Amino acid sequence: MKFIGVDLGGTTIKIGIVESGKLMASSKIIAQSSKSFVPRLDQIKHTVNQLLIDATMDKSELGGIGLAFPSIVDSKQKKIVTRYVKFVDADEIDLVEWANANWGIPLALENDARAALVGEWQYGAGRGQDDLVMITLGTGVGSAALIGGKILKGAHSLGGNVGGHMIINYEGDICNCGLRGCVESEASGWVLPSKFRNHPNIKNSLLAEVTTLNFKSIFELASQGDQVAIEIRDQCLKVWSVGVLNLVHAFDPELVIIGGGVMNSKDQIIPPIQKLLDQDSWLPQGVIRVVSAVHNEHAGILGAAYLAAQEG
Ligand SMILES: [Zn+2]
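Residues numbered from 1 in each chain as written. Predicted model: local features only at pLDDT ≥ 70, side-chain atom pairs only at ≥ 80, totals over all residues. Heavy atoms only, no water.

Draft legend 1. Spotlight on the packing of aromatic side chains. Applying the stated criterion to the full structure yields seven aromatic pairs. Taken together, a centroid distance of 5.5 Å and an interplanar angle of 80° make the contact between Phe-37 and Phe-69 edge-to-face. Linking Phe-37 in the loop between strand S3 (22-30) and helix H1 (38-54) with Phe-69 in strand S4 (residues 62-69), this pair joins segments that are 32 residues apart in sequence. Phe-69 gets classed as buried once you look at its relative accessible area, which sits at 1%. Through a chain of ring-to-ring contacts, the aromatic side chains of Phe-37, Phe-69 and Phe-87 assemble into a single cluster. (Phe/Tyr/Trp six-rings, centres within 6.5 Å; stacked < 30°, edge-to-face > 60°. Helix = DSSP H or I, 4+ residues; strand = E, 2+ residues; numbered from the N terminus. Buried < 20%, exposed > 50% of the residue type's maximum accessible area, 1.4 Å probe, protein only.)

Draft legend 2. Region of the structure containing the sheet that holds strand S12 (residues 289-292). Strands sit in the order S10-S9-S8-S11-S12 across an open sheet of five strands; the sheet is mixed. Either end of the sheet is taken by a strand with one partner, and the two such strands are strand S10 (150-151) and S12. Pairing analysis gives four bridges linking strand S11 (residues 255-259) to S12, with the strands arranged parallel. Directly across from Ile-258, in S12, lies its bridge partner Ser-292. Each of strand S8 (132-137), strand S9 (141-147) and S11 touches helix H7 (residues 227-251); the most contacted strand, S8, lies at about 155° to it. (Pairing = 2+ DSSP bridges. Contact = heavy atoms within 4.5 Å. Axes fitted to C-alpha atoms, helices over the stretch in contact; angles between N-to-C directions.)

Draft legend 3. Examining the sheet that holds strand S2 (residues 12-19) more closely. Strand order in the open sheet formed by five strands is S3-S2-S1-S4-S7, and the pairing between neighbours is mixed. Either end of the sheet is taken by a strand with one partner, and the two such strands are S3 and strand S7 (107-111). Ignoring which end each strand starts from, the neighbouring axes of this sheet average 15° apart. Alignment of S2 against S3, held across eight bridges, turns out to be antiparallel. Each bridged residue has a counterpart across the sheet, and for Glu-19 the counterpart in S3 is Lys-22. Each of strand S1 (2-8), S2, S3 and S4 touches H1; the most contacted strand, S3, lies at about 145° to it.

Draft legend 4. Fine view of the coordination of the zinc ion. Within the protein, the zinc ion binds to His-165 (ND1), Cys-175 (SG), Cys-177 (SG) and Cys-182 (SG); these donor distances fall in the range 2.0 to 2.4 Å. Classification of the site at the zinc ion as tetrahedral follows from its four donor atoms and the range of 104 to 119° in their angles at the metal. When the donors of the zinc ion are listed by position in the chain, the intervening gaps give H-x9-C-x1-C-x4-C. Of the two residues, His-165 sits in the loop between S10 and helix H4 (183-186) while Cys-175 sits in the loop between S10 and H4, which places them ten residues apart along the sequence. Look at Cys-175 and you get buried, because its relative accessible area is 5%. (Donors = N, O, S within 2.8 Å, 3.2 Å for Na, K, Ca; no water. Tetrahedral: all angles 85-135°; square planar, octahedral: opposite > 155°, others 65-115°.)

Draft legend 5. Geometry of a nonpolar patch on the surface. A surface patch of nonpolar side chains, amounting to about 360 Å² of accessible area, comprises Ile-167, Tyr-170 and Leu-179. Secondary-structure assignment places Ile-167 in the loop between S10 and H4. Using a relative accessible area of 42% as the deciding quantity, one classes Ile-167 as partly exposed. (Patch = residues over 30% accessible without salt bridge, like charges linked within 9 Å, V, L, I, M, F, W, Y side chains within 5 Å. Areas by Shrake-Rupley, 256 points an atom, 1.4 Å probe, with all protein chains shown as cover. Salt bridge = Lys/Arg side-chain N within 4 Å of Asp/Glu carboxyl O.)

Draft legend 6. Just unusual backbone geometry, in detail. At Thr-56, a residue that is not glycine, the phi angle is positive and equals roughly 45°. Examined against the element boundaries, Thr-56 turns out to sit in the loop between H1 and S4.

Draft legend 7. Looking closely at H1. Taking 1.5 Å per residue, 17 residues should reach 24 Å; H1 reaches 25 Å between its end C-alpha atoms and fits that length. Among all positions in H1, only Arg-40, Leu-41, Ile-44, Thr-47, Val-48, Leu-51 and Leu-52 are buried. Along the axis of H1, the buried positions cluster into a sector of 140°, meaning they face one direction only. Turned more than 90 degrees from where H1 packs its buried face, Ile-53 and Asp-54 sit exposed. Looking at the buried residues of H1, the elements they touch are S1, S2, S3, S4 and helix H2 (95-103). Among the residues trailing H1, Thr-56 stands out with phi positive, at a value near 45°. (Expected span 1.5 Å × (residues − 1). Arc of directions from axis to C-beta.)

Draft legend 8. Structural view of the pattern of salt bridges. One pass over the structure, following the stated rule, counts twelve salt bridges. With its nearest N and O atoms 3.9 Å apart, the salt bridge here joins Asp-42 to Lys-45. With Asp-42 and Lys-45 both in helix H1 and three residues apart, this pair spans about one turn of that helix. Ionic pairing is found between Lys-78 and Glu-311, a salt bridge with its closest N-O pair at 2.6 Å. In this pair, Lys-78 is assigned in the loop between strand S5 (73-74) and strand S6 (79-80) and Glu-311 in the segment after helix H9 (299-310), connecting sequence segments 233 residues apart. Residue Glu-311 is classed as partly exposed on the basis of its relative accessible area of 31%. The network of salt bridges with common partners includes Lys-2, Glu-19 and Glu-61.

Draft legend 9. How the structure looks around the side chain of Ser-188. The residue Ser-188 is located in the loop between H4 and helix H5 (192-196) in this model. According to the relative accessible area criterion, Ser-188 is buried, its value standing at 0%. Among the polar contacts made by the side chain of Ser-188, one reaches the main-chain carbonyl oxygen of Glu-184 at a distance of 2.8 Å. (Polar contact = N/O pair within 3.5 Å; in protein donor to acceptor, adjacent residues only side chain to side chain.)

Next up, the structure:
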């Protein structure tokens, strides 16, 4: 049996067909996450159908579809709980009915960081572990926790999910969530241009020449010795390290898995986070290990497909 996994990010929507934890076919579309979700759903439908045609699969081979959504999700009721900045009208759509009408299959709905955690737990860096924390670093910052072999959800589906909006700087900038000094508003993809474009020394940096200030250019130039890029990179790493430390103190995992778009530069990211944990956590040095996601691109798809398989 094959399962569709859809990972809805702030920038791209990744769509895959998965069989026994293996990605059989995949594609991407532009998220346009600031706009209505309705046209995106139509595009997802067409992309899935095209993948089936290209891979000469029939929809009768499909056992379910899993959606990994960038918001707070009630996976039991299959409802999006909070209206947030991405795909704002998605909470009005009956996604169960959408899946049933298109392919006659059940739907699993889960928060995107939780789906990525499930993907890594079942098929990646967290295999065989019962206590995990995952943090995803990209356009935004997501988090999820697995405790005693169960995904933490809490009383209102919020459990473990708001690591990106933990307040780490009480007097920091206003975040897109309305709070001040969140991990996300201190260091994430969406905040880079507004926060660092006016860095006092930017004129002395090659960053002044890049059209879009993003983590790719910051990590590349930092590795080449650009001082402003190093300063911005280290500031972000400090924010993420403190964020991870807080998650470790909250959830006490065996392993912290870090995923997301920035992990192409994992050699610059993992060591400083591990170092801060070793220095500052309440546990002895080396007890908590920080690792990169194995399926950095596709953990969300694999996890969403796994959760869809549990629906049958
Ligand atoms: Zn926030």
